[in-house]
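# A closer look at the structure
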Amino acid sequence: MTTPALVRSRGTLADLLSGRSNGIGLIRLLLAVGVVLSHSKPLGFGAHDLGYYLTGRQTNVGTMAVYGFFVLSGLLITRSARRTGLIRYAWHRALRIFPGLWVCLLISALVIAPLVALREHGTVAGFFDNPWDRGGPLAYLQANWWTGVRQYGVRDLFVETTPWGEKVNYSVFNGALWSLKYEMFCYVVVGVLAVTAVLRNARRFVLFLTAALYLSILHDWVTSGHFSGPASTASWSFNSPLVGGMSFYYIVYLGFLFAAGATMDLYRERVPINDALGIGSAVALGLSLLFGGFFAIGLPAFAYLLVWLSVRMPRQLHFVGRKNDYSYGIYIYGFVFQQVMTSLGWSRWGYVPFAAMSVAVAFAAAFLSWKLVERPALRLKDWTPGFVARRSSQRVPVEQQTAVAEEPPGTPPAQVGGPTQELPQQPATLVSGR
């Protein structure tokens, strides 16, 4: 008797996620759109994020999207770190995060903010006075340059003209950027693990780290005293250079999801791609969202579900994101333009029209960001300073001779698997990444 197709494993992650043909691009795009749709509720109407009450106040669509970004990022970034040296790894990460972010901050502070000031006050007089002082446009750039949102607003704009400003009573231009510092934190940790050879020679350490973070989440959930509802949050935080405050709570929760993705990559030859497991993960996730236990059951189920979908997505959809990746741009521009649209009164037509307009505007901004900033920056990923290239070229013949002398006859070439695409951060929601 043959094993039913639904139960039979289709192979391992190493076998089936070994090239560019996968559904990760589409998943990331949907996650970014999910953030915009979720933010349409609080930014347009001062309500909770989309899905907050449906999930028993455990999470929402935007936060779920951020969780998904961290899972996929852990998978792909770990793969990238294993295949490149530390300097090249850091260079790739910087190219993917900073150019798009910096241009977004410049546009927000020096283009959008003056126009909003002109509309709200009828003049820009005084807008550029003492720009480096707290609340000034240049202070906004300085505070947020390295992914940490240490200044949310500019000149008290949007406080009285947007539902979110009225709710929090301070200026907020781009709350979605909050998760980027946690993404960067994970990048640094992976870089340390790579340079210390942990990723190559001691992958069990990453497995133990993932288990420890999950046990911390379980402890949070159990001590919360309720099956559903929000998990108890740790109040401890610390100030980090350049990015400001880091919450222990988000380090644990987002760190677990990133580590889960990293673990699946490191143990890719042992991770089965099984339709029964994939469907079972979807069911477990859905039940935990509706009835409780999301943090204990839903988070690990969601992590496997995303990886399973990446492989099992119809091949006809694999082209999405392969050449043009708009997910990062949607994430970093969606919030600020939603604030602008709300201040103009565009939310008066209701949630569906406002959400549709928000997605359309975010897509347009992401298109320009990708074409004019992100893709040109990524073309520099193989750039090497001239003096380094010259020294490397002088060493190649000697290294090649040494390699030939050391390798015994018949040694097969090294097997290097895995996709070459890399995840743009993005990141999340108001609680979310951003």
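Residues numbered from 1 in each chain as written. Predicted model: local features only at pLDDT ≥ 70, side-chain atom pairs only at ≥ 80, totals over all residues. Heavy atoms only, no water.

### What to know about the packing of helix α4 (residues 86–121) against helix α13 (residues 327–343)
Between α4 and α13, the shortest axis-to-axis distance is 10 Å and the interhelical angle comes to 5 degrees. Judged by the inter-axis angle, α4 sits roughly parallel to α13. Across from R96, I97, G100, L101, V103, C104, I107, S108, I112, V116 and R119 in α4, the residues of α13 making contact are Y328, I332, Y333, V336, F337, V340 and S343. Taken together, the residues that form the contact of α4 with α13 break down as 13 nonpolar, three polar and two charged. (Axes fitted to C-alpha atoms, helices over the stretch in contact; angles between N-to-C directions. Helix = DSSP H or I, 4+ residues; strand = E, 2+ residues; numbered from the N terminus. Parallel < 35°, antiparallel > 145°, perpendicular 65-115°, else oblique. Contact = heavy atoms within 4.5 Å. Nonpolar A, V, L, I, M, F, W, Y, C, P; charged D, E, K, R; others polar.)

### Remarks on unusual backbone geometry
One non-glycine residue, R155, lies in the positive phi region at around 55 degrees. Note on placement: R155 falls in the loop between α5 (137–144) and α6 (163–168). Backbone geometry places A197, a non-glycine residue, at a positive phi of 70 degrees. The residue A197 is located in the loop between α7 (180–195) and α8 (198–201) in this model.

### Observations concerning the UniProt feature "transmembrane region" (unreviewed entry) in the protein chain
On the UniProt side, "transmembrane region" (unreviewed entry) is annotated at positions that read residues 21–39, 59–77, 97–118, 182–199, 206–227, 247–267, 279–307 and 351–373 here. The span residues 247–267 carries 90% helix and 5% strand; its end-to-end C-alpha distance comes to 29 Å. End C-alpha to end C-alpha, residues 279–307 measures 12 Å, and it is 93% helix and 0% strand. (UniProt positions renumbered as here; feature names shortened; annotations may be inferred.)

### Quick notes on the environment of A113
Along the chain, A113 falls in helix α4. Placed 227 residues apart in sequence, A113 and V340 show a C-alpha to C-alpha distance of 9.5 Å.

### Some remarks on the packing of aromatic side chains
Following the criterion strictly, the structure yields 24 aromatic pairs and no others. When the ring of Y67 is compared with that of F294, the centres are 6.2 Å apart and the planes differ by 20 degrees; the resulting orientation is stacked. Placement of Y67 in helix α3 (residues 61–83) and of F294 in helix α12 (residues 294–312) is noted, with a sequence separation of 227 residues between them. Both residues of the pair, Y67 and F294, belong to the buried class. We note K41 situated over the ring of Y351; from NZ or CZ to the ring centre the distance is 5.1 Å. For R203, the ring lying beneath its charged end belongs to Y267, and the centroid distance is 4.2 Å. (Phe/Tyr/Trp six-rings, centres within 6.5 Å; stacked < 30°, edge-to-face > 60°. Buried < 20%, exposed > 50% of the residue type's maximum accessible area, 1.4 Å probe, protein only. Lys NZ or Arg CZ within 6 Å of the ring centre and 35° of its normal.)

### Observations concerning the side chain of S247
Note on placement: S247 falls in strand β3 (residues 244–247). At 3.2 Å, the side chain of S247 forms a polar contact with the backbone nitrogen of Y249. With residues up to four places along the chain from it excluded, the contact list for S247 reads Y182, W236 and S237. (Polar contact = N/O pair within 3.5 Å; in protein donor to acceptor, adjacent residues only side chain to side chain.)

### Brief notes about the environment of M313
On the secondary structure map, M313 appears in the loop between α12 and α13. When the C-alpha atoms of M313 and G23 are compared, they prove to be 5.5 Å apart, with 290 residues separating the residues in sequence. If we skip the residues at most four places from it in the chain, M313 touches G23, L26, I27 and H318.

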